[in-house]
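# Chains, contacts and geometry: an overview
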Amino acid sequence: MAVKTIRIPQDRYQDHDNDEKVKKLKKEITNFRTLSIHQNIVDFYGLCFNDGEAMICMELMDLSLYDLYLVVHDKEKKFPEEILGYVAVQVLEALGFCKANDFIHRDVKPKNILLNTRGEVKLCDFGESRILKDSLASTFVGTVAYWPPERFETNKPIKEAIQQNALIKEDVFRYDVRSDIWSLGITLAETAYGKLPFTDDKGAPILRENNQQQNIVTIQHCIVSANKDELIQRCFGTLYSKDLTEFVGMCLEKLDKRPKFDALMKTNFYKNFKENVKEDMAAFIANYSDQDSPMDDSKFTIEDFQIKRPEPWTTI
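Residues numbered from 1 in each chain as written. Predicted model: local features only at pLDDT ≥ 70, side-chain atom pairs only at ≥ 80, totals over all residues. Heavy atoms only, no water.

### Overview of the overall build of the protein
Short version of the rule: Every helix listed is a DSSP run of H or I at least four residues long, and every strand listed is a run of E at least two residues long, numbered separately from the N terminus. Residue exposure (1.4 Å probe, protein chains only): buried if accessible area is under 20% of the type maximum, exposed if over 50%, otherwise partly exposed. Note on definitions: a residue-residue contact is assigned when non-hydrogen atoms from the two residues lie within 4.5 Å. Per-residue accessibility takes into account occlusion by the displayed protein chains alone, with areas from the Shrake-Rupley method and a 1.4 Å probe.
Looking only at helices and strands, one finds 13 helices and seven strands in the protein. Per-residue burial for the protein yields a buried fraction of 51% across its 316 residues. Look at the contacts in the protein between residues 6 or more apart in sequence, and 73% of them connect residues 24 or more apart. By element, 46% of the accessible surface of the protein is carried by carbon and sulfur atoms, the whole surface being about 15,700 Å².

This is the structure we're talking about:
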């Protein structure tokens, strides 16, 4: 079992506000419990409170999509389209279920797509951005990198918000379920490319380890001014099928042209991998040796994927 601990923001002079924060957290967890019945969403086991902290108990998976693609690219291998398609279909199924329950995930990224040696693909981390409103300056750049262009349309420039340490308010954003679709497109591009699919003005890759505030401003510029054709060419080149690149291109359209789930589920890419969901993710992780794969000479074991989870994650 995995236990995630969340510190509940407290105001020593505002007991009513503190109670409201706890009520909102409980409401979000109720939503999570409802969603976790889906096969592509991590199971929820329970919630408890202790000394200003909420401890969320959920299913323990073996690794994230981020962990997997790091190992693949570290071996200088192409990430197989069959596995990418398998993951995309499973995530789209989970997002479609969320949408059917009037819920937007809003934090789709490789680290929130979890895998296990049984070949299961599951979304995690639901609702945290709704529960804990961090300042823009303290928002992890790895999350901001998956925001759609419309999410940057705030009531003040992002640089000014950083300088003033301003709170991000939900009502200043213009987005719907298509925000998750954009994030899925960026996630697929990153997985194929092996790193964030953005470059700075000099053409150098934007790295997570660089100055955080500077990166946020740079990434905002990259996202708002993104040319999807250039991004797709950079990340996929000629190594992947037209069906895949067209699917990602649909995900990365501007809001007014971006399709919703029903349209994506009618694409050839989705239909092909929906019919081939028996693609053995478990065998890929365990053996990495499918003879039809471009990585047929490579093998690895699950020890390659030992996850060093930073606090506040613990396992019990």
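### Observations regarding the environment of K274
Assignment of secondary structure puts K274 in helix α12 (residues 268–274). Judged by relative accessible area, which is 40%, K274 ranks as partly exposed. Taking C-alpha positions, K274 is 6.4 Å from V89, a pair spaced 185 residues apart along the chain. Among residues more than four places away in sequence, those in contact with K274 are V89 and E93.

### A few points about the packing of helix α3 (residues 81–100) against helix α7 (residues 178–193)
To characterise two packed helices, one gives the angle between the axes of the helices and the distance between these axes. Where we set the bar: A fitted line through C-alpha atoms represents every axis, and for helices the fit uses only the stretch in contact; the resulting angles, taken between N-to-C directions, go from 0 to 180 degrees. Roughly parallel means an angle under 35 degrees; roughly antiparallel means over 145; roughly perpendicular covers 65 to 115; every other angle is labelled oblique. A clockwise turn of the near helix away from the far one marks a right-handed crossing, whereas an anticlockwise turn of less than a right angle marks a left-handed crossing.
Their axes nearest at 11 Å, the elements α3 and α7 cross at an angle of 160°. Relative to α7, the element α3 is oriented roughly antiparallel. In this structure, α3 crosses over α7, and the sense of that crossing is right-handed. Residues L84, A88, V91, L92 and L95 of α3 pack against D180, L184, L188, T191 and A192 of α7.

### Section: the pattern of salt bridges
Rules: Note on definitions: salt bridges are taken to be side-chain nitrogens of Lys or Arg within 4 Å of carboxyl oxygens of Asp or Glu.
Applying the stated criterion to the full structure yields eight salt bridges. We note a salt bridge from E59 to K122, for which the minimum N-O separation is 3.0 Å. Of this pair, E59 sits in the loop between β3 (53–58) and β4 (63–64) while K122 sits in strand β6 (residues 121–123); the two residues are 63 residues apart in sequence, bridging distant segments of the chain. Of the charged contacts in the structure, one is a salt bridge between D229 and K228, with a shortest N-O distance of 3.5 Å. One salt-bridge network, held together by shared partners, links E59, R118, E120 and K122.

### Regarding α7
At 3.6 residues per turn, the α-helix brings residues three or four places apart onto the same side. As a reminder, the rule being used: Take the residue count of a helix, subtract one, and multiply by 1.5 Å to get its expected span.
An ideal rise of 1.5 Å per residue puts 22 Å on 16 residues; α7 measures up with 23 Å between its terminal C-alpha atoms. For α7, the buried fraction is high: 15 of the 16 residues fall into the buried class. Phi turns positive, to about 95°, at G194, one or two residues after α7.

### Considering the sheet that holds β4
The line we're drawing: Note: two strands are recorded as paired if DSSP finds a minimum of 2 bridges between them.
Overall, antiparallel pairing links the three strands, which are arranged β4-β5-β6 in an open sheet. Each end of this open sheet is capped by a strand with a single partner; those strands are β4 and β6. Pairing between β4 and strand β5 (residues 113–115): two bridges, direction antiparallel. Within β5, the residue paired with L63 across the bridge is L115.

### Quick word on the side chain of S179
With respect to the helices and strands, the residue S179 is situated in helix α7. Under the relative-accessibility criterion, S179 is labelled buried at 4%.

### Things to note about the packing of aromatic side chains
Note the cut-off: Pairing of aromatic rings covers Phe, Tyr and Trp, the last counted by its six-membered ring, and requires centre-to-centre distances within 6.5 Å; plane angles under 30 degrees mean stacked, over 60 mean edge-to-face, and any other angle means tilted. Note on geometry: a ring has a charge over it if NZ (lysine) or CZ (arginine) is within 6 Å of the ring centre and within 35 degrees of the ring normal.
Applying the stated criterion across every chain yields a total of five aromatic pairs. A ring pair is formed by Y66 and Y69, whose centres lie 5.4 Å apart and whose planes are at 80°; its orientation type is edge-to-face. Taken together, the residues span about one helical turn, with Y66 and Y69 both in helix α2 (residues 65–74) at a distance of three residues. Look at Y66 and you get buried, because its relative accessible area is 16%. Residue Y69 is classed as buried on the basis of its relative accessible area of 1%. Ring geometry for F247 against F269: centres 4.7 Å apart, planes inclined by 40°, an arrangement best described as tilted. Linking F247 in helix α10 (residues 242–251) with F269 in helix α12, this pair joins segments that are 22 residues apart in sequence. According to the relative accessible area criterion, F269 is buried, its value standing at 2%. Members of the aromatic cluster, each reached through a chain of ring pairs, are F247, F269 and F273. Positioned over the ring face of Y240 is K78, at 4.7 Å from the centre of the ring.

### Things to note about the nonpolar core
Defined as follows: Among buried residues, those of type Ala, Val, Leu, Ile, Met, Phe, Trp, Tyr and Cys that are joined through side-chain atoms within 4.5 Å constitute a nonpolar core.
Counting 78 residues, the largest nonpolar core has F79, V87, F236 and M281 as its most contacted members. Take this core: its biggest share by element is 11 residues, from α3. Excluding residues that lie within four positions of it along the chain, F236 makes contacts with L84, L188, A189, A192, L244, T245 and V248.

Just distances and angles here, no functional claims.
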